[in-house]
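Take a look at the letters that make up each chain.
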Amino acid sequence: MAMILVTHDLGVVAGRTDDIAVMYAGKVVETASAQTLFSSMRMPYTEALLDVDPQARVPQPHPAGIHPRPPPQPDQSTHGL
């Protein structure tokens, strides 16, 4: 069975999915297995989503603004989903 969950709450998807794709401004900016994503996020927006839930982890400072355009990706593989 396959499911698509659309949410801003990464805690909702943490224990329910094998793979996660994070979208920002209408584009996928990061993809990874759930375990990889939570242990080594690459995009500031992904970290900002996790920081919204204070019980998910200890909040970390994140960039001073989320811009309306996706930030540049470090590489095109984005953890290769």
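Calculation criteria
Residues numbered from 1 in each chain as written. Predicted model: local features only at pLDDT ≥ 70, side-chain atom pairs only at ≥ 80, totals over all residues. Heavy atoms only, no water. Phe/Tyr/Trp six-rings, centres within 6.5 Å; stacked < 30°, edge-to-face > 60°. Helix = DSSP H or I, 4+ residues; strand = E, 2+ residues; numbered from the N terminus. Buried < 20%, exposed > 50% of the residue type's maximum accessible area, 1.4 Å probe, protein only. Core = buried A, V, L, I, M, F, W, Y, C linked by side-chain atoms within 4.5 Å. Contact = heavy atoms within 4.5 Å. Pairing = 2+ DSSP bridges.

(A) Up close: the packing of aromatic side chains. Counted under the stated rule, the structure contains one aromatic pair. A ring pair is formed by Tyr 24 and Tyr 45, whose centres lie 4.4 Å apart and whose planes are at 45 degrees; its orientation type is tilted. Of the two residues, Tyr 24 sits in strand β1 (residues 19–24) while Tyr 45 sits in helix α3 (residues 44–51), which places them 21 residues apart along the sequence. Per residue, the accessibility class of Tyr 24 equals that of Tyr 45, and both read buried.

(B) The arrangement of the nonpolar core in detail. With 14 residues, the main nonpolar core has Leu 10, Ile 20, Val 22, Val 29, Leu 37, Tyr 45 and Leu 49 as its most contacted residues. Elements with a minimum of two residues in this core: α1 (10–14), β1, β2 (27–33), α2 (34–39) and α3. The residues touching Leu 37, leaving out its near neighbours within four places in the chain, are Ile 20, Val 22, Glu 30, Ala 32 and Thr 46.

(C) Spatial organisation of the pairing of β1. Burial along β1 is one-sided: Ile 20, Val 22 and Tyr 24 are buried, while Asp 19, Ala 21 and Met 23, pointing the other way, are not. Note: β1 against β2, six bridges, orientation antiparallel. The residue bridging Asp 19 from the neighbouring strand is Ser 33, located in β2. From the end of β1 to the start of β2, which pair antiparallel, there are two residues, and Ala 25 there has a positive phi angle of about 55 degrees.

Read these as geometric descriptors, not functional statements.
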